[in-house]
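# Observations on the model geometry
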Amino acid sequence: FDLIALTCTPTGAGTSANGTPGTGTASITLGAGGSVICTFLNRARGTITIVKETAPQQAQDFHYTGSGPTGYSFAGGFFLDDDADATLPSARTFEHLVPGSYTLTEDAVTGFDLVGLTCVASPGSAAVIDLVLRTATIALGPFGDVTCTYTNQQRGTITVVKDTDPNDPQDFGFTATGGLGPFSLDDDADGTLSNTQIFANVVPGPYTVTEGVVTGFDLTALTCTPTGVGTTAT
């Protein structure tokens, strides 16, 4: 709470009173038969809550930094995650914040994309979001309440394995959409080419991988094993 006003109303001869909100003091001179009414007006400070969500839920730690008026309580930054253990919370509420302008920024994390940033503000407060900069700029009003939710989507992995019957040094060329190709694999024991190509940190979406035709070989099987919610392969 902040004392924002202190008013005194004196009545009667020889009675006076003066209120000083800065010191929280009412100075009263009371005359014979006089009376004084002093009113102290306090205003509650506000709260900002930051919520972390990931799809799917992950133990990955996300770091936040912020700025605000003198005395704001997240000056040193803080971490959140979205798993079930209690090592880190999935939300932080900062209380007793004076009205003013605040910014909260989530650091970039390899393998995750910020796909959503929403803020809900009480009347008298507002928030502007910038998804590219991962920043919420908050105008916190008197006794305001603002909740901002950062939603991150984890990137995926595509692995292509080459198998021949019998094992053979023949090179097989592959093309792929989404910037994943071209590449080559074989299925012999030397290290010239691998028999496996792994693409990590792949943005969710549709992809195709195509093996080129090789004279003397027939493609007799093509199997895919998808894991993760929303992932399919045929």
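In this report, the structure presented in the accompanying data block is examined.

Thresholds, definitions, all that
- Residues numbered from 1 in each chain as written.
- Predicted model: local features only at pLDDT ≥ 70, side-chain atom pairs only at ≥ 80, totals over all residues.
- Heavy atoms only, no water.
- Core = buried A, V, L, I, M, F, W, Y, C linked by side-chain atoms within 4.5 Å.
- Buried < 20%, exposed > 50% of the residue type's maximum accessible area, 1.4 Å probe, protein only.
- Helix = DSSP H or I, 4+ residues; strand = E, 2+ residues; numbered from the N terminus.
- Polar contact = N/O pair within 3.5 Å; in protein donor to acceptor, adjacent residues only side chain to side chain.
- Phe/Tyr/Trp six-rings, centres within 6.5 Å; stacked < 30°, edge-to-face > 60°.
- Lys NZ or Arg CZ within 6 Å of the ring centre and 35° of its normal.

### Quick notes on the nonpolar core
Ile 50, Phe 74, Phe 78, Tyr 102, Ile 138 and Tyr 150 are the most contacted members of the largest nonpolar core, which has 22 residues in total. Taken together, the elements giving at least two residues each to this core come down to strand S5 (46-55), strand S6 (62-67), strand S7 (78-80), strand S8 (91-97), strand S9 (100-106), strand S10 (112-121), strand S12 (135-140) and strand S13 (145-154).

### Observations concerning unusual backbone geometry
Here the amide bond leading from Ala 55 into Pro 56 is cis, since omega sits at -5°, within 30 degrees of zero. In the segment running from Gly 181 into Pro 182, the intervening peptide bond is cis, with an omega of 0°. Along the polypeptide, Pro 182 turns up in the loop between strand S15 (172-176) and strand S16 (183-185). Despite not being glycine, His 96 has its phi angle at roughly 60°, a positive value. The topology assignment puts His 96 in strand S8.

### A few points about the side chain of Thr 49
Following the sequence through the fold, Thr 49 ends up in strand S5. Polar contacts involving the side chain of Thr 49 include one to the side chain of Thr 93, which spans 2.9 Å.

### Some thoughts on the packing of aromatic side chains
The tally for this structure, following the rule as stated, stands at ten aromatic pairs. Seen in terms of ring centroids, Tyr 64 and Phe 78 are 5.3 Å apart; in terms of plane orientation they differ by 15°. Their pairing is stacked. Of this pair, Tyr 64 sits in strand S6 while Phe 78 sits in strand S7, and the two are 14 residues apart along the sequence. On the accessibility criterion, Tyr 64 (0% relative accessible area) is buried. Ring geometry for Phe 74 against Tyr 102: centres 6.0 Å apart, planes inclined by 55°, an arrangement best described as tilted. Of this pair, Phe 74 sits in the loop between S6 and S7 while Tyr 102 sits in strand S9, placing them 28 residues apart in sequence. Taking the relative accessible area as the measure of exposure, Phe 74 reaches 2% and is therefore buried. Grouping aromatic residues by their ring pairs yields a cluster made of Tyr 64, Tyr 72, Phe 74, Phe 78, Phe 94, Tyr 102 and Tyr 150. The ring of Phe 62 has Lys 52 sitting right over it, with the charged end atom 4.3 Å from the ring centre.

Fair warning: the whole summary comes from geometry, so function is off the table for now.
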